[in-house]
Amino acid sequence: MTDSVLARRYGGEVPEPIAPANDVIALLQRHRSVRRFTDEDVDEATLTAIVAAAQSAATSSNMQSWSVIEVRDPERKAELSVLAGDQAFIRAAPVFLVFVADWARNRVIAERRDAPVEGIGFVESTLVGFVDAALAAQNAVVAAESLGLGTVYVGSVRNRPEELSDVLDLPQGAFPVVGLAIGHPDPDDRAGIKPRLPQRVVRHRETYRAAPDAAVSAYDDAVRAYYAGQGSSRGWIEAVLNRVRAAASLHGRHTIHDALRRRGLPSR
Ligand SMILES: Cc1cc2nc3c(=O)[nH]c(=O)nc-3n(C[C@H](O)[C@H](O)[C@H](O)COP(=O)(O)O)c2cc1C
């Protein structure tokens, strides 16, 4: 089982030697994003357990500079889905979580004590909030998958971050980092374990070495084979080229520094 998971994860080329997976590692290695959900709800107690797992992630200096907004209202989900790239699975999922970098809470704590808040204005603080939010979100993903639920991240909550912040009533100092649709996977969903780059490309021993192009081309072939199995002709290299080509590739996110500044995270 583990072998076939790793073969799919690496598109055939399994790194060796590799220790046998325990339950946690096996769960992580078989991750896949789920974009089709059944109508079944995710109940309150389950979500509380998922959020407790998210809160259990490490957090920079224990500042806990993140929050999560849980959206279940169909109209609000519909509004968010339009703002976040019009992705239908946001409407279909019973729960849509938006993880936010949140310095608003700690700023209020300081201001109530008439303490200065200069430190919030630096890019380091923005990065801390984004990293904290991402770590929490990934713990939520792992917790949900361990319960047999499916998830997909939604980075396009940053496409129109100010309008999206208004829909969620985010205060100054809080900024959307990533959304997470959670639900029960539709058994007809064809998405599988998507191949990743070989370890010799992403894993550098002692010092950094540029990736050999042959390894990247071989990976592109593995991704093409994966998508071909789903009736699509996409490749990985073309996706990279499209993503790095121009500002327009960022779906509006190239103006994020201005948005951060206007929303109370000047990121100097
Ligand atoms: C920060 C982040 C943002 C993402 N945003 C989106 C998104 O807006 N829409 C989407 O369909 N998938 C989104 N994804 C999912 C990625 O496309 C997916 O993780 C990647 O293609 C690898 O596939 P896998 O998760 O099935 O292994 C996002 C993933 C991450 C980590």
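Above: the structure in question.
Each chain carries its own residue numbering, running from 1 in the direction its sequence is written. Per-residue local features of the predicted model are confined to residues with pLDDT of at least 70, and side-chain atom pairs are confined, for both listing and counting, to 80 or more; whole-chain, interface and lining totals are unaffected and use all residues. Side-chain measures were taken over the full set of non-hydrogen atoms in the model, leaving aside hydrogen atoms and water.

Undergrad: Just give me the short version of the site of the ligand, but keep the residues and values in it.
TA: Taken together, 14 residues lie around the ligand, and His31, Ser33, Arg35, Gly155 and Lys194 are the ones closest in. Contact with the protein chains hides 66% of the accessible area of the ligand, taken as 620 Å² for the molecule alone. Each residue is assigned to one class: nonpolar for Ala, Val, Leu, Ile, Met, Phe, Trp, Tyr, Cys and Pro, charged for Asp, Glu, Lys and Arg, and polar for all the others, Gly among them. For the shell around the ligand, a count of residues per class yields five nonpolar, five polar and four charged. Consider each residue's heavy atoms; a residue with any of them within 4 Å of a molecule or strand counts as near. The protein chains shown are the only cover counted for residues, whose accessible areas, like all others here, come from Shrake-Rupley with a 1.4 Å probe.

Undergrad: Describe the sheet that holds strand E2 (residues 95-102), naming the residues involved and giving the relevant values.
TA: In this scheme, strands are said to pair when DSSP sees at least two bridges between them. The numbering of helices and of strands both runs from the N terminus, where a helix is a DSSP run of H or I of at least 4 residues and a strand a run of E of at least 2. Spatial strand order, E1-E2-E4-E3: four strands in an open sheet with antiparallel pairing. Among the strands making up the open sheet, the edge pair consists of strand E1 (66-71) and strand E3 (150-154). Adjacent strand axes in the sheet meet at a mean angle of 25 degrees, parallel and antiparallel pairs treated alike. With six bridges joining them, E1 and E2 adopt antiparallel strand pairing. Residue pairing across strands places Trp66 opposite Ala101, the latter belonging to E2. Note on geometry: axes are C-alpha line fits, over the in-contact stretch for helices, and angles between N-to-C directions span 0 to 180 degrees.

Undergrad: Lay out the nonpolar core with the relevant residues and their values.
TA: With 29 residues, the main nonpolar core has Leu47, Ile50, Leu97, Phe99, Leu180 and Ile182 as its most contacted residues. Every element with two or more residues in this core is listed here: helix H3 (44-55), E2, helix H7 (123-146), strand E4 (174-183) and helix H12 (256-262). Ranked by the residues each element gives to this core, the list is headed by H7, at nine residues. The definition of a nonpolar core used throughout is a set of buried Ala, Val, Leu, Ile, Met, Phe, Trp, Tyr and Cys residues joined through side-chain atoms within 4.5 Å. For each residue, the accessible area found with a 1.4 Å probe, counting protein chains only, is set against the maximum for its type, and the residue is called buried under 20%, exposed over 50%, and partly exposed in between.

Undergrad: Go over the environment of Ala136 with me, naming the residues and quoting the values.
TA: Along the chain, the position of Ala136 falls in helix H7. Using a relative accessible area of 0% as the deciding quantity, one classes Ala136 as buried. Put simply, Ala136 and Gly192 are 56 residues apart on the chain and 24 Å apart in space, counted from C-alpha to C-alpha.

Undergrad: Please provide a residue-by-residue account of the packing of H3 against H7, values included.
TA: With their axes 7 Å apart at the nearest point, H3 and H7 run at an angle of 135 degrees to one another. With respect to H7, the element H3 is oriented oblique. The two elements H3 and H7 meet at a crossing, and its hand is right-handed. Judged by residue contacts, Ile50, Ala53 and Ala54 of H3 engage Ala136, Asn139, Ala140, Ala143 and Ala144 from H7. A breakdown of the residues in the contact of H3 with H7 according to their chemical character gives seven nonpolar, one polar and no charged. Here roughly perpendicular refers to angles of 65 to 115 degrees, roughly parallel to angles under 35, roughly antiparallel to angles over 145, and oblique to all remaining angles. Handedness of a crossing is defined here by the sense of rotation of the near helix relative to the far one, left-handed for an anticlockwise turn of less than a right angle and right-handed for a clockwise turn. Contacts are residue-level and defined by heavy atoms, with any inter-residue pair within 4.5 Å sufficient.

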